[in-house]
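# Fold and geometry: a report
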Amino acid sequence: MPMQPWFAEAKLGIFIHWGIYAVDGTLESWAFQLGEVPYDEYMKQLNGFTAEHYDPREWAELFARVGARYAVLTSRHHDGVALWPNGLSVGQDLLSGYADALREHGLKVGFYYSHSDWSRPDYAEISHEEPYVKVIQPLAPGFLSYRDGQVDELMRRYKPDLMWFDGEWEHPESEWGLDKLAALMLAHNPEVVFNGRMLSHGDYATPEQGVPITAPDGPWELCLTLNESWGYRHGDTNYKSVRQIVRYFAETIGMGGNLLLDIGPRADGTIPPEQVSLLEGLGAWIAKHSEAVYGTVAGLPHGHHYGPSTLSADRSTLNLILFDTPRETVSVRGVRNKVRRAHVNGIELGHRVTGGLGEVPGVLWIDAPPAHALDDYATVLTVELDGPLDLYRGTGRN
């Protein structure tokens, strides 16, 4: 199935880890798996998951305002607790309002769903006493029917544009019945997108918590937390700065990927103000530099410019992203094109080429922007070329 164009063009998505683990601020699912709390204590959080202040329209308005084009909500994590009435659940349908609100704001609807379920005895032999013990056993047909039934209901009721799977590592692909599962979802929506944890049926790669040194082949997104936690943990105040998040974002889109930036709402459905502030900080930078973000493709490979860059869709405008204050000049190597214009926020910058021999182009030197033109987080230097980028990638003339 060809990849849907909207995904590669999205640039920013919001990942939402929301579940009963937010009540006590425990690790999502892993709390009992790793012995942080006993299983039964973890599950008592069901009683405190009120969602009393949950307003999906506020969520969607925020996501749209900061420049996101899609969002992915944890419909069911490894703990088996669903956010809609199906099997072990919070007893409320928290997905309908989410899907409707996103669509009202023009965002694509995504759901996270874990293949595994650490609460079902037909998935694993489980001890509910401390310590929690899980003995992996071959997947039973009954468990796969249960999983397929839940996914079928997600597709039928909410019609997601993207399904973000997880939990696949505990069994080989041959046991998961993914051919049947993929066919089931595509029958509901032939354009639904799958992340790479649908294994051979995945449409894109999804590295976590660090920009890859080399971009994955094909479409991809970086999953990144704002602090050290996916879900809400009141003690985790180790937040990244706006400058750091802008840097992650710029490096990701400069390599042709999307950033799926994670938030962890509280159990009552409110998003912590620290997280809102960070999203708004990134959103303000995106709004200021939207032409260097949307409608662009991956920029220069490593070695041509000291920092990330993006290219316009016609490849004739190069957006150089500067994290630090440049001294004297900004250099670009390997560009054969003539430069029509170089500027920052409309301020014209002088430019010249030195050196070069035969097919090997010289170095393009662009005058450093004046201090008042620099962005607080990352400056975009726009280079307009005389045509589509013609880039030298050779080893030089001997």
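The structure reproduced in this document is the subject of the present report. (Residues numbered from 1 in each chain as written. Predicted model: local features only at pLDDT ≥ 70, side-chain atom pairs only at ≥ 80, totals over all residues. Heavy atoms only, no water.)

### Examining the pairing of strand E12 (residues 317-322)
- The buried fraction of E12 is high, at 5 of 6 residues.
- As paired strands, strand E11 (residues 309-312) and E12 are joined by 3 bridges and run antiparallel to one another. Opposite serine 309, over in E12, you have leucine 320 as the bridge partner.
- Once E11 ends, the chain turns through 4 residues before running back antiparallel as E12, passing arginine 315 with a positive phi of about 65°.
- Here 6 bridges tie E12 to strand E18 (residues 379-385), and the two strands are oriented antiparallel to one another. Across the sheet, the residue bridging to leucine 320 is leucine 381, located in E18. (Buried < 20%, exposed > 50% of the residue type's maximum accessible area, 1.4 Å probe, protein only. Helix = DSSP H or I, 4+ residues; strand = E, 2+ residues; numbered from the N terminus. Pairing = 2+ DSSP bridges.)

### Side note on the sheet that holds strand E16 (residues 351-354)
- Strands sit in the order E13-E17-E16 across an open sheet of 3 strands; the sheet is antiparallel. Every interior strand has two partners, whereas the edge strands, strand E13 (329-332) and E16, have only one. Ignoring strand direction, the axes of neighbouring strands in this sheet form an average angle of 25°.
- Bridge analysis of E13 against strand E17 (residues 363-367) gives 4 bridges, and the strand direction is antiparallel. Within E17, the residue paired with serine 331 across the bridge is tryptophan 365. (Axes fitted to C-alpha atoms, helices over the stretch in contact; angles between N-to-C directions.)

### Observations concerning the side chain of glutamate 168
- Tracing the backbone through its elements, the reader meets glutamate 168 in the loop between strand E6 (162-166) and helix H7 (173-176).
- Lacking a salt bridge, the buried glutamate 168 has arginine 197 as its closest oppositely charged neighbour, with an N-O distance of 4.7 Å.
- When residues no more than four places from it in sequence are discounted, the contact partners of glutamate 168 are His115, Trp176, Arg197 and Leu199. (Lys, Arg positive; Asp, Glu negative; His and termini not counted. Salt bridge = Lys/Arg side-chain N within 4 Å of Asp/Glu carboxyl O. Contact = heavy atoms within 4.5 Å.)

### So, the nonpolar core
- The biggest cluster of nonpolar side chains holds 90 residues, and the ones touching the most others in it are Ile16, Trp18, Phe63, Met163 and Met185.
- Among the elements that take part in this core, helix H6 (residues 141-158) stands out by supplying 7 residues, more than any other.
- Judged by nonpolar contacts, the second largest core, of 20 residues, contains Leu318, Val339, Ile366 and Leu391. (Core = buried A, V, L, I, M, F, W, Y, C linked by side-chain atoms within 4.5 Å.)

### Remarks on the environment of histidine 17
- Position of histidine 17 relative to the elements: it lies in the loop between strand E1 (12-16) and helix H2 (30-33).
- Sequence spacing of histidine 17 and valine 332 is 315 residues, and the spatial spacing of their C-alpha atoms is 41 Å.
- Dropping the residues within four chain positions of it, histidine 17 is found in contact with Glu28, Thr74, His77, Trp230, Gly231, Asp262, Ile263, Gly264 and Pro265.
- At 2.8 Å, the side chain of histidine 17 forms a polar contact with the side chain of aspartate 262. (Polar contact = N/O pair within 3.5 Å; in protein donor to acceptor, adjacent residues only side chain to side chain.)

### Section: helix H9 (residues 242-254)
- For H9, which comprises 13 residues, the first-to-last C-alpha distance of 18 Å matches the rise-based estimate of 18 Å (1.5 Å per residue) to within 8%.
- Restricting attention to buried positions, one finds in H9 the residues Val242, Ile245, Val246, Phe249, Ala250, Thr252, Ile253 and Gly254.
- Looking one or two residues beyond H9, the residue adopting positive phi is glycine 256, at roughly 90°. (Expected span 1.5 Å × (residues − 1).)

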